[in-house]
Amino acid sequence: MPKYTVHVRGEWLAVPCQTGTNTVRWLGKEAVRRYMKNKPDNGGFASVEEVKFCVRRCKGLGLLDHDDTLEDTLEDNEFVEVVIEGDVMSPDFIVSKLEGFDLYSKYQEPEKDIYLDGHSLTTEDLINLGKGLYKIKLTPEAEAKVKQSREVIERIVKEQTVVYGITTGFGKFARTVIPTSKLKELQVNLVRSHSAGVGKPLIPERSRMLLALRINVLAKGYSGISLETLQQVIEAFNASCLPYIPEKGTVGASGDLAPLSHLALGLIGEGKMWSPKSGWADAKYVLQAHGLKPITLKPKEGLALINGTQMISSLGCEAVERASAIARQADIVAALTLEVLKGTTRAFDTDIHAVRPHRGQIEVAFRFRSLLDSDHHPSEIAESHRFCDRVQDAYTLRCCPQVHGVANDTIAFVKDIITTEINSATDNPMVFAERGETISGGNFHGEYPAKALDYLAIGVHELAAISERRIERLCNPSLSELPAFLVTEGGLNSGFMIAHCTAAALVSENKALCHPSSVDSLSTSAATEDHVSMGGWAARKALKVIEHVEQVLAIELLAACQGIEFLRPLRTTTPLEKVYDLVRSVVRPWLKDRFMAPDIEAAHRLLVEQKVWEVAEPYIEKYRREHIPESRPISPTAFSLDSLRMNKCVGTDHSDQDEL
């Protein structure tokens, strides 16, 4: 017998249908009848017949024809909404759509599996799990460890031993012993009461990452969860049943209690849940639609699901991976700007960076050489100004290896901490099966990822700060020798004037966001939890800083490509021409003013999807593999006897070096 889940005025109703030949009109009336039956005043209606309504799918909100049959229109267990004529839809709750919904508009069930053991997950793996590329399975070793730790919990319950969180209350109530008959109720109450977050729900990608990461930590076998319950969590993940998880509410110790409680709340069939099939609906109906049952919590299992740093760490994984992507591409964008501003490559000489051998600095200088080496990749632009009288470039060009380099090293440092964190047991108490005991500790404290993510925001922000200054140089005719704001008929056209203002606004906003959240602490839980990390805010604002960095560099990328237009017919190096062609595939040159926001968004998407890196990387890696001798073109920015002899031969007068 087919069954449909119908939303009527904020309530979800399961409506069975004996035959698929019934019409959409019948389904709407039956849902209204059931709604009225549940209301003391019949919902304000005298009869079903007087109610006028329309019916639409929850996913996509497509309207349905009242005369169509259900078997021709809907799938079994599909979610629909009855909209009663005259009702006003609440602006705070949209049945099927949420921020980031387009990520799943073409959702396909993954065909590949990833085996989790709690020890070997990478930040890249977690990003791919968030994208829905894998289903989860446990390794046999992980299953065995989970079983062993559960046996310890069962023995504690059987022997009625007093152990925190298993047979006692929580936080301030740690000394309150709970009767054996109420241990399951204790765990449900814990999840319900701690589900106190606020704010927008996490988008599907982030919810999946959070759920996957909690599974990975539970797979370590130090949490005391039963294998049966853990398998139910995995089944929900594999079906993409994602609980409603507000983004705000964690102080980062004892773990991310509020967001993880919302995660657990959906898994026990309460609160809201989202899936590609249903959109938002009551969790019990979403689970039911996927053939799943709500989890029935056993002793310790509620605590096992909610105690840990996985909110901070999962968002931290996204921050680290996005930071890595934009840092690589920042070098490419800056190299293109240097070409447009007719800068020199001498500042990237190997010997300069060998005497200050920071890894990031050396790598950035290498990338600049691989993109700008005019012997390997001839640049007509570089040749056009090789013997100009400019002594040296501004810091925003000359010092890219030093500024971009430390951003790269910061990212590497933070990635190491986050990788350790996502493969760490962060529960309390910890269950040590080999010792047959539980031990209370503080692994739930989020100070490590909190401090690291504050540092990440500070380090990556500088990519935007220096980029904004390069945008200024591109737009300022006294610095660029290009038309003001990179447009012809200035005055009639404003060109990149306000795009630069946008970049400046984002950089200024980042300065406030870079204030470390982890320097703050507020005592909670009646002074039981008297020092906290504030890591949730550290993670969220790090992501916001990185998004702003991406947007500022998108503006610089557009400005640099526009600058190229004024240097034609001269061409830059082959890899940078490829980058130019990529940008021009989505954004046409500026001949006169037009709506600019879509162009910035298009360039931003190229960076987020790492298209700029994909175009340039083959040239960078070929340069690395082939060990191409470094070219050192004659230039007035560096004195040598050879350059002196060359000057006498060509009769060119150069300015003396005046280093600052």
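See the structure above.
Note that residues are indexed from 1 along each chain, following the sequence as it is written. Only residues with pLDDT of at least 70 get local features here, since the model is predicted, and only at 80 or more are side-chain atom pairs given and counted; chain-wide, interface and lining totals rely on the full set of residues. The basis for the side-chain values is all heavy atoms of the structure; hydrogens and waters are excluded.

1. A short note on the overall build of the protein chain
(1) Moving on: Here a strand is any run of E in DSSP of at least two residues, a helix any run of H or I of at least four, and the numbering for each starts at the N terminus. Per the secondary structure count, the protein chain includes 24 helices and 14 strands.
(2) Moving on: Oriented by its inertia axes, the alpha-carbon framework of the protein chain measures out at about 100 × 65 × 45 Å.
(3) Moving on: If you sum the accessible surface of the protein chain, you get close to 28,700 Å²; carbon and sulfur atoms cover 52% of it.
(4) Moving on: Under this rule, positive means Lys or Arg and negative means Asp or Glu; His and the chain ends count for nothing. Throughout, a charge is located at the NZ atom of Lys, the CZ atom of Arg, the CG atom of Asp or the CD atom of Glu. One way to put it: in the protein chain the 76 positive side-chain charges average out to a point 3 Å from where the 89 negative ones average out. Only the protein chains shown count as covering a residue, and every accessible area follows the Shrake-Rupley method with a 1.4 Å probe.

2. Considerations on the packing of aromatic side chains
(1) Moving on: For this analysis, a ring pair means two rings from Phe, Tyr or Trp (six-membered ring only for Trp) whose centres lie within 6.5 Å, classed as stacked if their planes differ by under 30 degrees, edge-to-face if by over 60, and tilted for the remaining angles. Considering all chains together, one arrives at eight aromatic pairs under this definition.
(2) Moving on: Arranged with centres 5.7 Å apart and planes meeting at 50°, the rings of Phe 496 and Trp 590 form a pair that is tilted. Taken as a pair, Phe 496 in the loop between α18 (477–480) and α19 (497–513) and Trp 590 in the loop between α21 (574–584) and α22 (597–608) lie far apart in primary sequence, 94 residues in all.
(3) Moving on: A relative accessible area of 2% means that Phe 496 is categorised as buried. Using a 1.4 Å probe on the protein chains alone, a residue whose accessible area is under 20% of its type maximum counts as buried, one over 50% counts as exposed, and one in between counts as partly exposed.

3. Notes on the state of the cysteines
(1) Moving on: The disulfide criterion is simple: two cysteine sulfur atoms within 2.5 Å. A full pass over the atoms with the stated rule returns zero disulfides.
(2) Moving on: Cys 54 takes part in no disulfide bond, and the closest cysteine sulfur, belonging to Cys 58, lies 12 Å away.
(3) Moving on: A relative accessible area of 29% means that Cys 54 is categorised as partly exposed.

4. Observations concerning the sheet that holds strand β11 (residues 272–275)
(1) Moving on: The pairing criterion for strands is at least two bridges between them, as found by DSSP. Taken in spatial order, the three strands line up as β9-β11-β12 in an open sheet, and their pairing is antiparallel. Two strands bound the open sheet, and with one partner strand each, they are β9 (242–243) and β12 (279–282).
(2) Moving on: Pairing geometry for β9 and β11, over two bridges, is antiparallel. By the bridge assignment, Pro 243 is partnered in β11 with Met 273.

5. Topic: the nonpolar core
(1) Moving on: Among the buried residues, those of types Ala, Val, Leu, Ile, Met, Phe, Trp, Tyr and Cys that are joined through side-chain atoms within 4.5 Å form a nonpolar core. Counting residues in hydrophobic clusters, the biggest one holds 161 residues, and the most contacted among them are Ile 136, Ile 215, Leu 453, Leu 456, Val 460, Phe 496 and Leu 557.
(2) Moving on: Here, residues are in contact when the closest pair of their heavy atoms is within 4.5 Å. The residues touching Ile 136, leaving out its near neighbours within four places in the chain, are Ile 114, Leu 116, Leu 129, Ala 212, Ile 215, Ile 234, Phe 237 and Asn 238.
(3) Moving on: With 23 residues, the next largest nonpolar core counts Val 6, Val 32, Tyr 35 and Met 36 among its residues.

6. Overview of the pattern of salt bridges
(1) Moving on: Definition used for salt bridges: Asp or Glu carboxyl oxygen within 4 Å of a side-chain nitrogen of Lys or Arg. This model, assessed by the stated rule, comprises 36 salt bridges.
(2) Moving on: Among the ionic pairs, Arg 367 bridges to Glu 363, the shortest N-O distance being 3.3 Å. With Arg 367 and Glu 363 both in helix α13 (residues 359–372) and four residues apart, the pair spans about one turn of that helix.
(3) Moving on: Since its relative accessible area comes to 8%, Arg 367 is described here as buried.
(4) Moving on: Between Arg 605 and Glu 601 there is a salt bridge whose closest N-O contact spans 3.9 Å. Of this pair, Arg 605 and Glu 601 both sit in helix α22, four residues apart, which is roughly one turn of that helix.
(5) Moving on: Several salt bridges converge on common partners, so that one network encompasses Asp 331, Glu 363, Arg 367, Glu 621 and Arg 624.

7. Thoughts on the sheet that holds strand β5 (residues 79–84)
(1) Moving on: With mixed pairing, five strands are arranged side by side in an open sheet as β2-β1-β5-β3-β4. Looking along the sheet, the strands with just one partner apiece sit at the ends: β2 (11–16) and β4 (63–64).
(2) Moving on: As paired elements, strand β1 (residues 3–8) and β2 share six bridges and run antiparallel to each other. Looking across to β2, one finds that Thr 5 is bridged to Ala 14.
(3) Moving on: Only the stretch in contact is used when a helix axis is fitted, and all axes are lines through C-alpha atoms; the angle between N-to-C directions ranges over 0 to 180 degrees. Where helix α1 (residues 24–37) meets the sheet, it contacts β1, β2, β3 (53–57), β4 and β5, and its direction lies at approximately 125° from that of β2.

8. What to know about helix α5 (residues 183–194)
(1) Moving on: To estimate the expected span of a helix, subtract one from its residue number and multiply by 1.5 Å. Across its twelve residues, α5 extends 17 Å between first and last C-alpha, which sits within 8% of the 16 Å expected from 1.5 Å per residue.
(2) Moving on: The complete set of buried residues in α5 reads Leu 183, Leu 186, Gln 187, Val 188, Leu 190 and Val 191.
(3) Moving on: In the core, the buried residues of α5 are packed alongside α4 (140–159), α8 (257–267) and α10 (301–306).

9. So, the side chain of Gln 562
(1) Moving on: In this structure, Gln 562 sits in helix α20 (residues 535–565).
(2) Moving on: Take Gln 562: its relative accessible area is 1%, and that puts it in the buried class.
(3) Moving on: A polar contact of 3.2 Å, which involves the side chain of Gln 562, links it to the backbone oxygen of Leu 486.
(4) Moving on: When near neighbours in sequence (up to four residues on either side) are disregarded, Gln 562 contacts Leu 486, Phe 496, Arg 584, Pro 589 and Trp 590. Side-chain atoms alone can form a polar contact between residues adjacent in sequence; in general such a contact is a pair of N or O atoms within 3.5 Å, and within protein one must be able to donate a hydrogen while the other accepts it.

10. Some points on the side chain of Asn 22
(1) Moving on: Residue placement: Asn 22 occurs in the loop between β2 and α1.
(2) Moving on: Among the residues examined, Asn 22 registers a relative accessible area of 18% and is labelled buried.
(3) Moving on: If near-sequence neighbours (up to four positions away) are discounted, Asn 22 is found in contact with Cys 17, Asp 68, Thr 69 and Leu 70.

11. Side note on the environment of Arg 594
(1) Moving on: Relative to the helices and strands, Arg 594 resides in the loop between α21 and α22.
(2) Moving on: Along the sequence, Arg 594 and Gly 495 sit 99 residues apart, while their C-alpha atoms lie 8.5 Å from each other.
(3) Moving on: Excluding anything up to four places from it in sequence, Arg 594 contacts Val 587, Arg 588, Pro 589 and Asp 599.
(4) Moving on: Looking at Arg 594, its side chain comes within polar contact range of the main-chain oxygen of Arg 588, at 2.6 Å.

12. Side note on the environment of Met 273
(1) Moving on: Within the fold, Met 273 resides in strand β11.
(2) Moving on: Taking the relative accessible area as the measure of exposure, Met 273 reaches 0% and is therefore buried.
(3) Moving on: With 155 residues separating them in the primary sequence, Met 273 and Gly 118 have C-alpha atoms 26 Å apart.
(4) Moving on: Setting aside its immediate chain neighbours within four residues, Met 273 contacts Cys 241, Leu 242, Pro 243, Tyr 244, Gly 266, Leu 267, Gly 279, Trp 280, Ala 281, Ala 283, Val 286 and Leu 287.

13. Let's talk about the packing of α5 against α8
(1) Moving on: The geometry of α5 relative to α8 is characterised by a closest axis approach of 8 Å and an angle of 120° between their N-to-C directions. The angle between α5 and α8 places the two elements in the oblique class. Where α5 crosses over α8, the two elements pack in a sense that is left-handed. Between α5 and α8, the contacting residues are Val 191, Arg 192 and His 194 on the first element and Leu 257, Ala 258, Ser 261, Ala 264 and Leu 265 on the second.
(2) Moving on: Among the residues making up the contact of α5 with α8, the classes are represented as five nonpolar, two polar and one charged. Every angle not falling under 35 degrees, over 145, or within 65 to 115 is termed oblique; those three ranges are roughly parallel, roughly antiparallel and roughly perpendicular. Crossing handedness follows the turn of the near helix against the far one: under a right angle anticlockwise gives a left-handed crossing, and clockwise gives a right-handed one. In this classification, the charged set is Asp, Glu, Lys and Arg, the nonpolar set is Ala, Val, Leu, Ile, Met, Phe, Trp, Tyr, Cys and Pro, and all remaining amino acids, among them Gly, are polar.

Nothing here speaks to function; it is geometry throughout.
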